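Per-entry structural report
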Amino acid sequence: MKNIDSATHTRGESIYLDDIPILNGTLFGCAYPSAVAHGVITKLDLAAALQMDGVIKIFTCSDITGENQIGGIIPDEPLLADGHVHFCGMPVAFVVATTPEIARAATKKILVSIDPLPVITDPREAQRKGELIVPPRVFKMGDTDSAWAACEYIFEGSADTNGQEHLYIETQGAYAVPQENNAVRVYSSTQAPTAVQRAVCKVLGVPMHQVEVDVTRLGGGFGGKEDQANTWAALCALAAFVLKKPVKYSLDRIEDMAMTGKRHPYSSDFKIGLDKNLKIQAYEVTMYQNAGAAADLSPAVLERSLFHSTNSYFIPNTKVTAYSCRTHLPPNTAFRGFGGPQGMFVIEAAIAAAAESLGVAAAVIQKNNLIQTGDEFPYGQKAVSEAVACWEKVTQIHNLDAIKKETDDFNAGNTIYKKGLALMPVCFGISFTKTPMNQARALVHVYSDGSISISTGAVEMGQGVNTKILQVAAHVFSVDPAKIRLQTTNTGRIANTSPSAASATADLNGKAALMACTEILKRLKAVAAEELKQDAGIIEIKNEELFAAGKATGWTWQKLVMTAFLKRVSLSEHAHYATPVIHFDLTKEKGHPFAYHVYGTAIVIAKVDCLRGIYEMESVKVVHDFGASMNTAVDKGQIEGGIVQGIGWMTMEELVYDASGVLRSNALSTYKVPDIYSVPKEIDIHFLDTDKDNLAILRSKAVGEPPLMYGIGAYFALRDAVRKFNPAAVIPFSAPMTPEKVLTALYHTKNKETAAAASPNEKSVYG
Ligand code: MOS
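Residues numbered from 1 in each chain as written. Predicted model: local features only at pLDDT ≥ 70, side-chain atom pairs only at ≥ 80, totals over all residues. Heavy atoms only, no water.

**Focus on the overall build of the protein chain**
Along the backbone of the protein chain there are 20 helices and 30 strands. For the protein chain, the C-alpha radius of gyration of 27 Å lies close to 27 Å, the compact-globule estimate for 767 residues. When the backbone C-alpha atoms are referred to their principal axes, the protein chain occupies close to 85 × 80 × 50 Å. The proportion of buried residues among the 767 residues of the protein chain is 60%. Intrachain contacts of the protein chain at a sequence separation of at least 6 include 80% that bridge at least 24 residues. Accessible surface computed for the protein chain: about 28,500 Å², of which carbon and sulfur atoms make up 53%. Between the averaged position of the 72 positive side-chain charges in the protein chain and that of its 80 negative side-chain charges there is a distance of 2 Å. (Helix = DSSP H or I, 4+ residues; strand = E, 2+ residues; numbered from the N terminus. Rg over C-alpha atoms; globule rule 2.2 N^0.38 Å. Buried < 20%, exposed > 50% of the residue type's maximum accessible area, 1.4 Å probe, protein only. Contact = heavy atoms within 4.5 Å. Areas by Shrake-Rupley, 256 points an atom, 1.4 Å probe, with all protein chains shown as cover. Lys, Arg positive; Asp, Glu negative; His and termini not counted. Charge placed at Lys NZ, Arg CZ, Asp CG, Glu CD.)

Below is the structure:
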């Protein structure tokens, strides 16, 4: 089935925040961001800005009617600066004016003096100075201390990954409309309507039933709107609440890039030990997460880095330590993969370090250590593994030996161009790591004409979740999908929503919808049984026709629904789903946190121009564990997008903050994201079809985040290509592998002849 939004998207008719018709009298806001990363405000002069025609009011922290606090996990984040600024881009004041242009112009007339304080941008420095968001977390399995003695080979090193700008096509924004009796309705571009509701209530000082949050859809989220939509919603709601006028703020791109946090940069140290059979016996890693100036979601992101620190591998002795380090960058936040990719990069770097030193292919070590069913993850859960199945299938259908030979032949025949090859297995746990978040609700109404309305806590952000939920209802009722409408996500209809995040949205909300639809169907069948004097167990609906024991009854869906209505049977249901089985004990750091894991393996081929340092991704060939996909078009779309986004993070997206904490890569002229030319020439996706029982919606496994991590293969493919040109190159494990870094590595040698004489015949031992 096609994505149900495809027609309105194509025609430009889909409604995003900025497309909501504006009410008469609407005012417009604009935040004034701190230009200094850390300091004390000594003067805040609003006079010139206030004198401008059309400026209605400028809000500062003293205008907040409730609490000046939007921190979700830890209350450490003021909405508006109160004497101190903690990051460059931190909102200090909020101008409200009659037009967006006047509001923006007025922010330029605000005069602020700040006495600067020392700025920390490096997480290791923050950790040394004791600037931690939460105490360190440690995951342990076996005993690394004694395992080193049994290792034939031990390698140590460091690995760094940079952050990543979300670059959702639709920027952040909110539109708040005051209602009677001090209530407020907030339209927000958020993945987390309830988080927005909570933040607004805290800032306004009102109970949750006074605030209604409504979301039609987002033009992308990628994690950036899981926590960070709260700021704009709270600012608009505060202004609407105080001024009794609708207030809207839709950020422009540069405001958005400067004021919001990104994917967390990580800096890590690893130590890996292998026995003589190249089995990894021990792995220790210490990760330093650059959390930015406030907690935001950093502790949860850190947790997922721990969970995914051994990726798809079974390592009997592990010790993983992770620090969430407070710096003076904008608070970093969720981003597709949520810390998982950062953890996985380090183990892949450790394996590459071992492989390069031993003169074997990384793939040999990777394959040799894939996790098998029954093996234990460092957090105590036993794997139901598809790691080997995905690896075997992708290497067989694409004939890895032939690929390897082709690559070797190419490299032997070319001096200027070199190809590199990497395999990237992925294993990603599905469920929020915080167990209580794994619940969802659905409200289903069947109207008397037979049409159906569904509300859930799921936010549609281009990932196709509404299409999947619609499919669930069409499947249960066996009606034409055109009879079903997915409503906006609204906290008045669905309460206490978990964010649309953690790849789990379709599973959680889809299961709740499945339960609600099933309950209504049960009632309808009871009506039919009574009217037809048949047993309810033999009644079936197929394509809107009623059958009893396989025989047509002449009744239609419509007639059944109307009959049930006239008999005063409820045609509405609100259902609640909570993922069974999962649990986690934080005191032991052990449990069964995930409903299931998603597996996959990618073969990535990169081609480097060794004169200029530029490169192309030739192909990404994937076998992905979908379970039994309920929508192959939607799922393939998620994989293609995830791969390209992952390649962007690993190869070109270079976030630059200077030493004073100012974002230098603050626009698309200085921050390069993948375009159509940087998409691999070939993305080939094969399904690992299994009909094994799992906790996914209709056995169709979650697909949102896992494919991003295939992009990590692009880094290692580039590294391989560079080493084909310059085997002596010492290349730090530092992503992204930008053309500048590639060029430096290509010619990194004390002896220029070494590069020129790079052996085209160097043995590649992939496979
Ligand atoms: Mo997503 S990174 O779980 O919002």
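**What to know about the packing of helix H10 (residues 340-358) against helix H18 (residues 712-725)**
Between H10 and H18, the least distance of the axes is 10 Å, while the angle of their chain directions is 25 degrees. With respect to H18, the element H10 is oriented roughly parallel. Judged by the twist between their axes, the crossing of H10 over H18 is right-handed. Across the interface between the two elements, Pro341, Met344, Phe345, Glu348, Ala349, Ala352 and Glu356 of H10 pack against Ile712, Tyr715, Phe716, Arg719 and Arg723 of H18. Class assignment for the residues of the contact of H10 with H18 results in eight nonpolar, no polar and four charged. (Axes fitted to C-alpha atoms, helices over the stretch in contact; angles between N-to-C directions. Parallel < 35°, antiparallel > 145°, perpendicular 65-115°, else oblique. Left-handed = near helix turned anticlockwise from the far one by under 90°. Nonpolar A, V, L, I, M, F, W, Y, C, P; charged D, E, K, R; others polar.)

**Topic: the side chain of glutamate 226**
Looking at the secondary structure, you find glutamate 226 in the loop between strand E11 (211-215) and helix H7 (230-243). Despite its burial, glutamate 226 remains without a salt bridge, the nearest opposite charge being carried by arginine 304 at 8.8 Å. Excluding its chain neighbours within four sequence positions, the residues that come into contact with glutamate 226 are Gln191, Ala192, Ala195, Leu297, Ala334, Phe338, Pro499 and Ala501. (Salt bridge = Lys/Arg side-chain N within 4 Å of Asp/Glu carboxyl O.)

**A closer look at the sheet that holds strand E21 (residues 539-542)**
With respect to topology, three strands assemble into an open sheet ordered E21-E22-E23, the strand pairing being antiparallel. Because the sheet does not close on itself, it has two edges, and the strands there are E21 and strand E23 (551-556). Each strand of the sheet is rotated relative to its neighbour by a mean of 35 degrees, with strand direction disregarded. Alignment of E21 against strand E22 (residues 545-548), held across four bridges, turns out to be antiparallel. Residue isoleucine 541 lies in a different strand from E22, and its bridge partner there is leucine 546. Most of the contacts of helix H16 (residues 557-566) go to E23, to which it runs at about 60 degrees, and overall it touches E21, E22 and E23. (Pairing = 2+ DSSP bridges.)

**Things to note about the environment of isoleucine 347**
With respect to the element layout, isoleucine 347 can be found in helix H10. In the structure, isoleucine 347 is positioned 39 residues away from histidine 308 in sequence and 9.4 Å away in space, judged by C-alpha atoms. If sequence neighbours within four positions are ignored, isoleucine 347 has contacts with Ile272, Tyr283, Ser309, Thr310, Asn311, Tyr313 and Ile315.

**Thoughts on the sheet that holds strand E14 (residues 280-292)**
The strand order across the open sheet formed by six strands is E7-E15-E14-E13-E8-E30, and the pairing between neighbours is mixed. Unpaired on one side and paired on the other, strand E7 (132-141) and strand E30 (733-735) mark the two borders of the sheet. The sheet shows a mean angle of 10 degrees between the axes of neighbouring strands, taken without regard to direction. Two strands pair when backbone bridges link them, and strand E8 (residues 153-161) and strand E13 (residues 266-274) are joined in this way by nine bridges, in the antiparallel orientation. In the strand pairing of E13, tyrosine 153 is matched with leucine 274. Each of E7, E13, E14 and strand E15 (317-326) touches helix H9 (residues 298-307); the most contacted strand, E7, lies at about 20 degrees to it.

**With respect to the confidence of the model for the protein chain**
Across the protein chain, pLDDT averages 96, with 98% of residues at or above 70. Ranking the helices and strands of the protein chain by mean pLDDT puts strand E5 (residues 91-97) first, with 99, and helix H20 (residues 752-756) last, with 47. Note on residues 753-767: pLDDT under 50 across the span, and 36 contacts to partners over four residues away in sequence or across chains. (pLDDT = per-residue confidence, 0-100.)

**Focus: the pairing of strand E29 (residues 682-689)**
Bridge count for strand E28 (residues 615-627) against E29 is seven bridges, and the pairing is parallel. The partner of valine 620 across the bridge, within E29, is isoleucine 683. Once you follow E28 into helix H17 (residues 632-651) and on to E29, the crossover reads as right-handed. (Right-handed = clockwise from strand over helix to strand, strands pointing away.)

**Here we look at a nonpolar patch on the surface**
Nonpolar side chains collect at one region of the surface, where Ile416, Tyr417, Leu611, Leu743 and Tyr747 lie side by side and expose about 430 Å² of accessible area between them. Here tyrosine 747 is to be found in the loop between helix H19 (739-746) and H20. Using a relative accessible area of 37% as the deciding quantity, one classes tyrosine 747 as partly exposed. (Patch = residues over 30% accessible without salt bridge, like charges linked within 9 Å, V, L, I, M, F, W, Y side chains within 5 Å.)

**A closer look at the nonpolar core**
Counting 155 residues, the largest nonpolar core has Phe477 and Phe733 as its most contacted members. Leaving out residues up to four positions away in the same chain, phenylalanine 477 has contacts with Val444, Val446, Ile452, Cys517, Ile520, Leu521, Ile541 and Trp557. Of all hydrophobic cores here, the second largest spans 62 residues; its members include Val55, Ile64, Ala97 and Ala229. (Core = buried A, V, L, I, M, F, W, Y, C linked by side-chain atoms within 4.5 Å.)

**Some points on the pattern of salt bridges**
A complete count under the given rule lists 38 salt bridges for this structure. With a shortest N-O distance of 3.9 Å, glutamate 519 and arginine 523 are connected by a salt bridge. Residue glutamate 519 and its partner arginine 523 are both found in helix H15 (residues 505-532); the two are separated by four residues, about one turn of the helix. We classify glutamate 519 as partly exposed; its relative accessible area is 26%. Each of the salt bridges in this network shares a partner with another, and the network as a whole consists of Lys419, Glu616, Glu618 and Lys681.

**Re the packing of H17 against H18**
Where H17 meets H18, the closest approach of the two axes is 7 Å, and the angle between their N-to-C directions is 50 degrees. In terms of orientation, H17 and H18 fall into the oblique class. Handedness of the H17/H18 crossing: right-handed. On the side of H17, the interface is formed by Ile647, Trp649, Met650 and Thr651, while H18 contributes Ile712, Ala714, Tyr715 and Leu718. Each residue belonging to the contact of H17 with H18 can be placed in one class, and the counts come to seven nonpolar, one polar and no charged.

**Topic: the side chain of arginine 719**
Checked against the element boundaries, arginine 719 lands in helix H18. For arginine 719, the side chain forms a polar contact with the side chain of glutamate 356, separated by 2.7 Å. Apart from the residues within four sequence positions on either side, arginine 719 is in contact with Glu356, Ile731, Pro732 and Phe733. (Polar contact = N/O pair within 3.5 Å; in protein donor to acceptor, adjacent residues only side chain to side chain.)

**Some remarks on unusual backbone geometry**
Cis geometry is adopted by the peptide bond preceding proline 736, which originates at alanine 735 and carries an omega value of 10 degrees. With respect to the helices and strands, the residue proline 736 is situated in the loop between E30 and H19. The backbone of serine 478 sits at a positive phi, close to 55 degrees, despite the residue not being glycine. Mapped onto the elements, serine 478 comes out in the loop between helix H14 (465-477) and strand E19 (484-486). Take serine 478: its relative accessible area is 16%, and that puts it in the buried class.

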